[in-house]
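Here are the chains, one letter per residue:
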Amino acid sequence: MRKVKGKEVSYAKYGYLFIAPFFIAFLIFQFIPLIQTIYYSFFEYYRSGLKIIGPNPVGLANYSALFEADFGRYAGNTIIMWIIGFVPQIIISLLLAAWFTDIRLKIKGKQFFKVVIYMPNLIMASAFAMLFFALFSDNGPVNTTLVSMGILSKPFRFLSSVWGTRGLVGLMNFLMWFGNTTILLMAAVMGINPSLFEAAELDGCSPRQTFFRVTLPMIRPILVYVLITSMIGGLQMFDVPQILTNGKGTPDRTSMTLIMYLNNHLFSKNYGMAGAVSVILFIIAAILCLAVYFTLNADDDSKRVRKRDRFKPRKEAVNG
Amino acid sequence: MKKGFKAFLSIALAAAMIFGMTACGGGGSSEGGEEAAAEQGKVLNIWCWNDEFQSRFNDYYPGVAEVAEDKSTTTLEDGTVVKWTINPNEGMNYQDKLDAALLAQESAAADEKVDIFLVEADYALKYVDSDYTLDVKELGLTDDDMADQYQYTKDIVTDSNGAQKGTTWQATPGLFAYRRSIAKDVLGTDDPDAVQEALADWDKFNAVAEQAAAKGYKMLSGYDDSYRTFSNNVSAPWVDGTAVNVDANIMKWVEQTKEFTDKGYNNKTSLWAPEWAADQGPEGKVFGFFYSTWGINFTLLGNSLADPEGAQEVGNGIFGDYAVCYGPEPYYWGGTWICAAAGTDNTELVADVMKQLTCNPEIMKKITLDTQDYTNSVSAMTEIAEDPDFGSAFLGGQNHIALFVEAAQKIDMSNAGPYDQGCNEGIQGAFKDYFDGNVDMDGAKANFEKTIKEKFPEIESVNWPE
């Protein structure tokens, strides 16, 4: 009797012990820096040569300076480059996921293709960007090939043209992430009850109808998840454009993303401005996270409500 | 009970091991630090941005005993180990890393402290006018030691209190290096005096550019090639207080480069880009390049070879096809100074390195004869300039040192300042978009202002010339 009681108490204690390392690490490496970032965003605090200036409290001056200095423009750049990469990514991924999971197609070497499309994600983004920088330079292999094939009369200067640079960034993001998205969507499709597909087939659905009427609605929660995580990832776009444009966001700052802008301030050790940029990014990311949370939960809630509704009449019927 | 004891024992043992190890490590390093502080250190840390000084040191410093295979360390005869820390210069990367190291200098262990760091003309003042550099005279260098050096190389590293904080083995007057074969085709002669006559001022230079374009050549490779000839002849430093003042001469560079670009006189490359380097090689169709001393024997020679690993002789690429003349305006480019970091534990060795590698006329002369670099010894350079037998095979037998001696007297670094690298890179980057046609003049100006304010938060305004 006494033994049993003792065991019950100690279990909870060990539980806290096991989760403690996470909370300690979180506190030291995430929470305190976060609070510090927010705190310093209200200060003038930077390094001038080898002298440290500040921290002097300046209120909201950093924030107002930020919005005067094209913050919106860099946000726009980030969104444009994200869309250039995301639109083809989601279309190709959906297509591939539908094909790979279709039992009637019987694609051979599925596993092999899955590995191949996931491969670009394993390369470091910076190495990938370096590769593209070399490939698409003014005298690079792409230009040489296009000119010798007679498609172009003289080399096209990709990295000196606005849409050339943005397009390359989008293309790289697409190549790096479509494999990952495909695998996520495949998991979602395979999670659908096969009897639904069988029923659709029996009722004479064409493959297109099956895709739009059965598959798409059923994987909606995963699609929303993919969209939002990709948005958050896009918001943090940095390494690809940074390496491709040598940190300058050329031409005319049209490929300067928010994080590259943040990096510029961090490089000159301007903790005040960098803090202000970070805080705004944090708020945007937090809103996006909440959006995911509510869309996913709202979905569950509405199902539960529907179920309850379905039960109610029966109960009434029994009572009646 | 038994199980519990075993577990306890193993944990206790593991803990003992970990604590034992850390205790050992901590004790060891602190002991070493105390010893080193008492006398001269056994490790000399040198910070630089390329292997130029490293190879000079390894080849010419008398005390060198052994160089590591990967060149990361050099061992001296007295057993001192020289550790090289090399960080690329571009985008103020070297300054950034060096700043971090210097700010941590006080708390660093004796063998980790920076002992020597190199600085470039573009930001020398930032370190010279700080407490992080030592007065070379306090280290033991005398005016007599340095009497043979060019005065400007001493002026630029002299702080506002008159203390000289660095010293250099080179002077860096700039010249215009042109292709003999192209000059013959365009001007009918490759004689340096005649070519100089044809390029004596900017109007003549532009006229030759037109002639060269008519024959299918480019006058210059890219946007930044002539930049230094303009930026070195400005009337005031970049920064005054918290304002950046763009000099009228810089705008002349913008005007000329835009004209060259629109008329097809250049190849639209940027400094240090692979296309730019290729233009200097066998396939290049570019009339010439503005280069200072180190650029001719170090960069241009390397780029001119068809087979970089092959012998440096006529027949390998366009070796021998270049010659030099003064060009339209005198200028300088680059230059590397040796500074002693405050807090160094190797004061004697640092002083000796400075003495041997910047003040010893024998070594200076030998460096020039071996590498054709232009060294900081007026007497040795004049001697070589007057030597009728001296000539550079790379330049078709021309005695380029004679031209450098002339050009070196015209160097004026009085307008150099601590912000120069950031401003020079900033304006070249901002106006590249203008030359490419991506922005108009106002857009380029606005982008320059943004870049400067990001790089230097203390800058409040940017003033443009009328």
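Calculation rules
Residues numbered from 1 in each chain as written. Chains lettered and ligands numbered in written order. Predicted model: local features only at pLDDT ≥ 70, side-chain atom pairs only at ≥ 80, totals over all residues. Helix = DSSP H or I, 4+ residues; strand = E, 2+ residues; numbered from the N terminus. Buried ≥ 20, exposed ≤ 12 C-beta atoms within 10 Å, placed from the backbone. pLDDT = per-residue confidence, 0-100. Contact = placed C-beta atoms within 7 Å. Pairing = 2+ DSSP bridges. Domains from an automatic or database assignment. Nonpolar A, V, L, I, M, F, W, Y, C, P; charged D, E, K, R; others polar. Axes fitted to C-alpha atoms, helices over the stretch in contact; angles between N-to-C directions.

Colleague: Mind showing me how you'd approach the overall build of chain B here?
Modeller: When you go through chain B residue by residue, the secondary structure sums to 19 helices and 15 strands. Summarising its shape, the C-alpha atoms of chain B cover approximately 100 × 55 × 50 Å along the three principal directions. Looking at chain B as a whole, 44% of its 466 residues qualify as buried.

Colleague: Explanation requested: the confidence of the model for chain A in the structure shown.
Modeller: All names here are of chain A. Averaged over all residues, the pLDDT of chain A equals 85, while 90% of them reach at least 70. Ranking the elements of chain A by mean pLDDT puts helix 13 (residues 271-319) last, at 70, and helix 7 (residues 162-190) first, at 93. Contacts for the low-pLDDT stretch residues 310-320, under 50 throughout, to residues beyond four places or in other chains number 0 contacts.

Colleague: Which parts of the structure should I look at to understand the sheet that holds strand 10 (residues 243-245) of chain B?
Modeller: Within a sheet, each strand pairs with its neighbour through backbone hydrogen bonds, oriented either parallel or antiparallel. Residue and element names in this part refer to chain B. Strand order in this open sheet of 3 strands is 9-10-15, and the pairing throughout is mixed. Each edge of the open sheet carries a strand with a single partner, namely strand 9 (239-240) and strand 15 (461-463). Here strand 10 pairs with strand 15 via 3 bridges, running parallel. Looking at strand 15, one finds that Asn245 is bridged to Asn463.

Colleague: Help me out: how do you make sense of the domain arrangement of chain B in this one?
Modeller: Interfaces are often sized by the accessible area lost when the parts come together. Residues and elements named next belong to chain B. We note that the domain assignment places domain 1 (43-171 + 334-385) and domain 2 (174-331 + 419-463) within chain B. Domain 1 and domain 2 are separated by 28 Å when their C-alpha centres are compared. Looking at the side of domain 1 that touches domain 2 residue by residue, the classes come out as 3 nonpolar, 5 polar and 3 charged.

Colleague: Would you take a moment to explain the interface of chain B and chain A for this structure?
Modeller: Of the residues lining the interface, 25 residues belong to chain B; the matching set on chain A comes to 22 residues. In terms of residues, the side of chain B that touches chain A owes the most to one element, helix 19 (residues 441-455) of chain B, which gives 5 residues. Grouping the amino acids of the side of chain B that touches chain A by side-chain chemistry returns 9 nonpolar, 6 polar and 10 charged.

Colleague: Honestly, the pairing of strand 13 (residues 322-325) of chain B in this entry has me stumped. Any pointers?
Modeller: Residue and element names in this part refer to chain B. Taking every second residue as pointing to the same face, both faces of strand 13 are buried, with Tyr322 and Val324 on one and Ala323 and Cys325 on the other. Pairing analysis gives 4 bridges linking strand 7 (residues 174-179) to strand 13, with the strands arranged antiparallel. Residue pairing across strands places Ala177 opposite Val324, the latter belonging to strand 13.

Colleague: It is not clear to me how the sheet that holds strand 1 (residues 43-48) of chain B should be interpreted in this structure. Could you clarify?
Modeller: All names here are of chain B. Strand order in the open sheet made by the 7 strands is 2-3-4-1-5-14-6, with mixed pairing throughout. In this open sheet, the two strands that pair with only one neighbour each are strand 2 (64-67) and strand 6 (166-167). In the sheet, strand 1 pairs with strand 4 (residues 81-86) via 6 bridges, with the strands oriented parallel. Bridge pairing in strand 4 links Asn45 to Lys83. Along the sheet, helix 14 (residues 347-359) makes contact with strand 1, strand 5 (116-120), strand 6 and strand 14 (336-340), crossing strand 14 at roughly 155 degrees.

Colleague: How should the pairing of strand 1 of chain B be read in this particular structure?
Modeller: As a general feature of sheets, a regular strand has side chains that alternate between the two faces. Residue and element names in this part refer to chain B. Counting buried positions along strand 1 gives 5 out of 6 residues, so the element sits mostly inside the fold. Note that strand 1 and strand 5 share 2 bridges and pair parallel. Along strand 5, the bridge assignment pairs Trp47 with Phe117.

Colleague: Sorry if this is basic, but what is going on with unusual backbone geometry here?
Modeller: Excluding glycine, residues mostly have negative phi values, and the peptide bonds linking residues are mostly trans. Look at the link from Thr250(A) to Pro251(A): it is a cis peptide, with omega at -10 degrees. Relative to the elements of secondary structure, Pro251(A) occurs in the loop between helix 11 (239-244) and helix 12 (258-267). In this structure, Lys71(B) is a non-glycine residue whose phi angle is positive, near 65 degrees. By the secondary structure assignment, Lys71(B) is in the loop between strand 2 and strand 3 (73-76). You can call Lys71(B) partly exposed: it has 13 C-beta atoms within 10 Å. One non-glycine residue, Gln372(B), adopts positive backbone phi at about 65 degrees.

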